[in-house]
Amino acid sequence: MYSEKVMDHFEHPRNVGEIENASGVGTVGNAKCGDIMRIFLDIDDDGIIRDVKFKTFGCGAAVATSSMATELVKGKTVQEAMKVTNKAVMEALDGLPPVKVHCSLLAEEAIHAALWDYAQKKGIVIEGLEKPKSDIHEGEEQEEEEY
Ligand code: FES
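Quantities reported herein were computed from a predicted structural model and do not represent experimental measurements. (Residues numbered from 1 in each chain as written. Predicted model: local features only at pLDDT ≥ 70, side-chain atom pairs only at ≥ 80, totals over all residues. Heavy atoms only, no water.)

**Q** Help me out: how do you make sense of the pattern of salt bridges in this one?
**A** When the charged atoms of two side chains with opposite charge come close together, those side chains can pair. Under the definition given, this model contains seven salt bridges. Here Lys121 and Asp117 are joined by a salt bridge, their closest N and O atoms 3.1 Å apart. Remark: Asp117 and Lys121 occur in helix α5 (residues 101–122); sequence separation between them is four residues, near one turn of the helix. Assessed through its relative accessible area of 53%, Lys121 is described here as exposed. Residue Asp117 is classed as buried on the basis of its relative accessible area, which comes to 19%. (Salt bridge = Lys/Arg side-chain N within 4 Å of Asp/Glu carboxyl O. Helix = DSSP H or I, 4+ residues; strand = E, 2+ residues; numbered from the N terminus. Buried < 20%, exposed > 50% of the residue type's maximum accessible area, 1.4 Å probe, protein only.)

The structure is reproduced here in C-alpha cells:
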C-alpha cells in the first residue's frame, strides 16, 4: 500500500529536530485526525533556506511527507520553496494512498506557515503566500504546545 520511498522516509526520516532561533517556525494541525506538524526554517540574508527541521506528532504518512518536504525545500530560495506543494511531495514519494493525501497537505501547510512566520518577522511579503489557516499559534489550541 505504501511505496518504498514512503517506507524509507517513515523509517529513516530526514531532518528531524528543531532549530534554535529559527528564521521561521510553522505549526499546523489537522482537526480531524489530530495530527500536528511543526517546521523550522533557517533562512539566510539572500533568502536561501540553509537548514530545515521538523517535528511531527502524527501518522506514518505525515512523518514521511514532512521528511520529504524538508528535503525538497533545503537549499532552495523562498520562492522555490513556495512551489513545494503537497502534489510535489507526493510525486517525490511515488504517491500516497487516497486516504493519506491530507497528510501531505499538512506538510505543505507547515512549510507555508513557517514561511509566513519568517515573512512576518522580516516585515516582507512573499508572493503567493497566504496567511496559514491552521497555524495553531493563531488559534485557541495553544495547549498543543505541550506536545
Ligand atoms: Fe492525519 Fe496522517 S492521518 S496527518
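**Q** Is there a simple way to explain the nonpolar core in this structure?
**A** Grouped together as the largest cluster of nonpolar side chains are 38 residues, with contacts concentrated most on Ile39, Leu41, Val73, Leu115 and Ile126. Elements with a contribution of two residues or more to this core: β2 (36–43), β3 (49–57), α2 (60–73), α3 (78–81), α4 (86–92) and α5. Sequence-distant contacts of Leu41, defined by excluding residues within four places in its chain, comprise Ile19, Ala22, Ser23, Gly24, Ile49, Asp51, Val52, Val73, Ala114 and Leu115. (Core = buried A, V, L, I, M, F, W, Y, C linked by side-chain atoms within 4.5 Å. Contact = heavy atoms within 4.5 Å.)

**Q** When you look at the sheet that holds β3 in this model, what are you seeing that I'm missing?
**A** Sheets are built from strands that pair by backbone hydrogen bonding, the pairs being arranged parallel or antiparallel. Taken together, the three strands give an open sheet; going across it, the order is β1-β2-β3, and neighbouring strands pair in antiparallel fashion. With partners counted over all chains shown, the strands left at the sheet margins are β1 (24–29) and β3, one partner each. The sheet shows a mean angle of 15 degrees between the axes of neighbouring strands, taken without regard to direction. Strands β2 and β3 of the sheet are contacted by α2, whose axis makes an angle of about 175 degrees with β3. Its contacts with the sheet put α5 on β1 and β2, and the angle it makes with β1 is roughly 145 degrees. (Pairing = 2+ DSSP bridges. Axes fitted to C-alpha atoms, helices over the stretch in contact; angles between N-to-C directions.)

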